[in-house]
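# Chain and residue survey
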Amino acid sequence: MTTATTSIARGKYHIWTVGCQMNQADSQRIQTLLDEMGWEEASMEQANLVILNTCSVRKAPEEKAHNQLAQLKHAKSKRSDLLVALMGCMIGSQKTIDELSKRYPHIDLFMKVEQADILPRFLAERWPPIAGAGCLDIEFMPPDEPIPLEPIERILPTFATSTNTNGKRTVLPMAITPKMGERTAHYPTRIEPAKASPGAWLPVVLGCNKVCTYCIVPYRRGRERSRPVDELVTEAASLVGKGAKELTLLGQTVEAYGLDLPGKPDLAELMAHLSEIDGLERIRFMTSYPRHMNDSMIERMAALPKVCEHVNIPVQAGDDELLRRMKRGYTLDEYRDRISRLRALWPGVSLSTDIIVGFCGESEQEFQHTLDLLEEIRFDVVHVAAYSVRPGTVAARWEDDVPLAEKKRRLHAVEEVQARIAFELNQPLVGKVEEVLVEETNDTHGRQQWKGRNRTNKLVFFPQPAGQEGETGEYGATAVEAKAAARCIQPGDLVEVQVERATAWSLQGCIVAL
Ligand code: SAM
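Residues numbered from 1 in each chain as written. Predicted model: local features only at pLDDT ≥ 70, side-chain atom pairs only at ≥ 80, totals over all residues. Heavy atoms only, no water.

## Observations regarding the overall build of the protein chain
Put simply, the rule reads: Strands are runs of DSSP state E lasting at least two residues, helices are runs of H or I lasting at least four, and both sets are numbered from the N terminus onward. For every accessible area listed, the method is Shrake-Rupley and the probe measures 1.4 Å; residues are considered covered only by the protein chains on display.
For the protein chain, the helix and strand inventory stands at 14 helices and 19 strands. Surface summary for the protein chain: the accessible area is close to 22300 Å², and the carbon and sulfur share equals 52%.

Printed below as a string of structure tokens:
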């Protein structure tokens, strides 16, 4: 009979992350778990455990993961002390796992972030210094064995068998796919980032219930599951205690927050609770969906001083027929109406959006309508992507008939229009004083600058005040600069910066108050 090992020999790990903020937030948690187990962060070449946290939203990040897997296969053929784990959007159903494990038999673990608590037991079984000497059958747990972290029953992972390095059949955790309407998967709440940067992420609703025809996310991230308010408030307070000043609440459709919880607390209600946390200065949220954001929600968010005036609300296309083919669930008029309500109810709100160009059958005229919409709405920021076929989605059955060169032309056309609009929108900020949360230093052209964001999410750069970088500051030391020098600016400081110059992408200025 095998026994569970409580002290797991330490090794080195490397987490490779691509994709969105959600993936980065997930990687931070996994990192904390491994750090707490005494594992040491190392380069990919030196690591004993390499975790690839993958993204499937477009083909390019998936190809990067395939390249990494090919290199790791080579590395594994030479090393017996290397374990490979895969997480993120490339894992979806059992079918995708089966396909991946057939193609890459050297993957030792397929893991969803909800299953992070399986890592200690996985390592206890598979990490070479102890494997074989006392292997752990993870189906067997002695009755008095303390169950690590989240109760296993709540997580309900499904299991599959695999062969370990000793040729022994072992049981490995596989992906969980919650059934329709069933909340089985919970975020590993007891594992939170050990350190918090001034701007930290707080995933509030996992998964996505939309069925946009181009998008792989719902198939890979499962149905929407909101995290309870009290759990989020506790975690947020803890992140603030570790140095976070700004929290970005994450969800694929963040206004869907709470729809699956008892009493249906909505996003604005959650924000009201979070606003009470001392030391938390700013709250942001993304990604918004026009149909879930109602007037009452906007009014209540706008009334909370800590909630920043910025909404990322993807439109994806500026043509009704395209929106219908994308199955976005709204018409252009409904989208326009939401934008005008946002602007009416939330003075000074800045808007960003996502656009896909070259979707199946997108005609020149339909594309022109998207450019027209950009001129009409005048977003502050536009994230534009060329349509990328995602196998398994509805649109993958349709012809990807816009040639790559044409997709690129349309992408550049969007960028060009948007660069002009953003430049124009930023000019009135010259001369204004903006509250900036300092994020990090930025060394360009041999000059140290600070980088941060104003409340409307615009990037702001300002030079190191005189004195702080040595006796001879670049500028004459004003009273504020002398104070800044005496107090030394730190990431996480809220400072006031007078804007002196504005481009399409950022604002440059000078610190006027600390
Ligand atoms: N849930 C959000 C929404 O669509 O409103 C964002 C989800 S997705 C992770 C982020 C962005 O990736 C989308 O807004 C979309 O512009 C882009 N995207 C998703 N699927 C794509 C595809 N197949 N090809 C190109 N871009 C895609």
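## Some thoughts on the site of the ligand
What counts is decided by this rule: Near, as used in this document, describes a residue that has one of its heavy atoms within 4 Å of the molecule or strand being considered. Each polar contact in these results corresponds to two N or O atoms within 3.5 Å; when the atoms are within protein, one needs to be able to donate a hydrogen and the other to accept it, and residues that are neighboring in sequence are counted only if both atoms are side-chain atoms. Residue polarity is assigned by list, with Asp, Glu, Lys and Arg as charged and Ala, Val, Leu, Ile, Met, Phe, Trp, Tyr, Cys and Pro as nonpolar; anything else, Gly included, falls into the polar class.
Neighbouring the ligand are 16 residues; Tyr 214, Gln 252, Gln 316, Asp 354 and Ser 388 lie closest to it. Backbone polar atom of Tyr 214 to a nitrogen atom of the ligand: 3.1 Å apart, as the coordinates give it. Here an oxygen atom of the ligand sits 2.7 Å away from a polar atom, N or O, in the side chain of Gln 316. Protein coverage of the free-state accessible area of the ligand, which is 560 Å², stands at 90%. Within the residue set of the shell around the ligand, elements represented by two or more residues are strand S13 (350-357) and strand S14 (381-386). Within the shell around the ligand, the residues separate by chemical class into eight nonpolar, four polar and four charged.

## With respect to the packing of helix H1 (residues 21-36) against helix H4 (residues 119-126)
The line we're drawing: All axes are obtained by fitting lines to C-alpha atoms, using only the stretch in contact for helices, and the reported angles, taken between N-to-C directions, cover 0 to 180 degrees. Any angle between 65 and 115 degrees counts as roughly perpendicular, while under 35 counts as roughly parallel, over 145 as roughly antiparallel, and the rest as oblique. Crossings are assigned a handedness: left-handed for a near helix turned anticlockwise from the far helix by less than a right angle, right-handed for a clockwise turn. The contact definition used throughout considers only heavy atoms, calling two residues in contact when any of these lie within 4.5 Å.
Running from N to C, H1 and H4 point in directions that differ by 55°, and their axes come no closer than 11 Å. Judged by the angle between their axes, H1 and H4 are oblique. Of the two elements, H1 crosses H4, and the hand of that crossing is right-handed. Between H1 and H4, the residues in contact are Ile 30, Leu 33 and Leu 34 and Leu 119, Pro 120 and Leu 123, respectively. The residue inventory of the contact of H1 with H4, partitioned by class, reads six nonpolar, no polar and no charged.

## Digging into the packing of aromatic side chains
Two numbers describe a pair of aromatic rings. These are the distance of the centres and the angle of the planes. Using the following cut-off: Stacked, edge-to-face and tilted are the three classes for Phe, Tyr and Trp ring pairs, Trp counted by its six-membered ring, which pair at centre distances within 6.5 Å; planes under 30 degrees apart are stacked, over 60 edge-to-face, the rest tilted. Only protein chains enter the calculation, and the probe is 1.4 Å; a residue is then buried if its accessible area is under 20% of its type maximum, exposed if over 50%, and partly exposed in between. The criterion for a charge sitting over a ring is simple: Lys NZ or Arg CZ within 6 Å of the ring centre, and within 35 degrees of the ring normal.
Enumeration according to the criterion identifies seven aromatic pairs in this entry. Considering the side-chain rings of Tyr 330 and Tyr 335, the 5.8 Å spacing of their centres and the 35° angle between planes classify their relative orientation as tilted. Each of the two residues, Tyr 330 as well as Tyr 335, counts as buried. Taken together, Tyr 214, Phe 359, Tyr 387 and Trp 398 form an aromatic cluster joined through their ring pairs. In this arrangement the basic side chain of Lys 210 is found over the ring face of Tyr 289, its NZ or CZ atom lying 4.7 Å from the centre.

## Topic: the sheet that holds S14
Applicable threshold: Here a strand pair is declared whenever DSSP counts at least two bridges between the two strands.
A sheet is described by the order of its strands in space; here three strands give the open sequence S12-S13-S14, paired in parallel fashion. Edge strands, defined here as strands with exactly one partner in the open sheet, are strand S12 (310-312) and S14. Ignoring which end each strand starts from, the neighbouring axes of this sheet average 15° apart. Pairing geometry for S13 and S14, over six bridges, is parallel.

## Side note on helix H12 (residues 364-377)
Since there are 3.6 residues in each turn of an α-helix, residues three or four apart along the chain are aligned in direction. Rule in force here: Take the number of residues in a helix, subtract one, and multiply by 1.5 Å to get its expected span. It is the directions from the helix axis to the C-beta atoms that the arc portrays.
Its 14 residues give H12 an end-to-end C-alpha distance of 20 Å, which sits within 8% of 20 Å, the value for a rise of 1.5 Å per residue. For H12, the complete set of buried residues consists of Glu 366, Phe 367, Thr 370, Leu 371, Leu 373, Leu 374 and Ile 377. All buried residues of H12 lie within an arc of 150° about the axis, which places them on one face of the element. On its buried face, H12 is in contact with helix H10 (320-326), helix H11 (332-345), S13, S14 and helix H13 (404-426). Phi turns positive, to about 55°, at Arg 378, one or two residues after H12.

## What about the sheet that holds strand S9 (residues 225-226)?
Picture the strands of a sheet paired through backbone hydrogen bonds; they go either parallel or antiparallel. Here we have four strands laid out as an open sheet, ordered S9-S8-S10-S11, and mixed in their pairing. Two strands lie at the open edges of the sheet, namely S9 and strand S11 (282-286), each paired on one side alone. As paired strands, strand S8 (residues 199-206) and strand S10 (residues 246-251) are joined by six bridges and run parallel to one another. Paired with Ala 200 across the strands is Leu 247, a residue of S10. Strands S8 and S10 of the sheet are contacted by helix H7 (residues 229-241), whose axis makes an angle of about 170° with S8.

## A word on the side chain of Lys 451
By the element assignment, Lys 451 lies in strand S16 (residues 447-453). What makes Lys 451 buried here is its relative accessible area of 17%.

## A short note on the pattern of salt bridges
When the charged atoms of two side chains lie near each other, side chains of opposite charge can form a pair. Our working rule: We define a salt bridge as a contact between a side-chain nitrogen of Lys or Arg and a carboxyl oxygen of Asp or Glu at a distance within 4 Å.
Across all of its chains, the model carries 34 salt bridges by this definition. In this structure, the salt-bridge partner of Glu 62 is Arg 220, at a minimum N-O distance of 3.8 Å. One end of the pair, Glu 62, is in helix H2 (residues 59-78); the other, Arg 220, is in helix H6 (residues 217-221), and 158 residues separate them in sequence. By relative accessible area, Glu 62 is classed as buried at 14%. Looking at Arg 220, the relative accessible area reads 12%, which means it is buried. Linking Glu 321 and Arg 325 is a salt bridge whose minimum nitrogen-to-oxygen distance equals 3.5 Å.

## Brief notes about the state of the cysteines
Counted only if it meets this: In this description, a disulfide is simply a cysteine sulfur pair whose atoms lie within 2.5 Å.
According to the stated counting rule, one finds zero disulfides in the structure shown. In this structure Cys 208 is not part of a disulfide, and its nearest cysteine sulfur, from Cys 212, lies 6.4 Å away. Judged by its relative accessible area of 10%, Cys 208 falls in the buried class.

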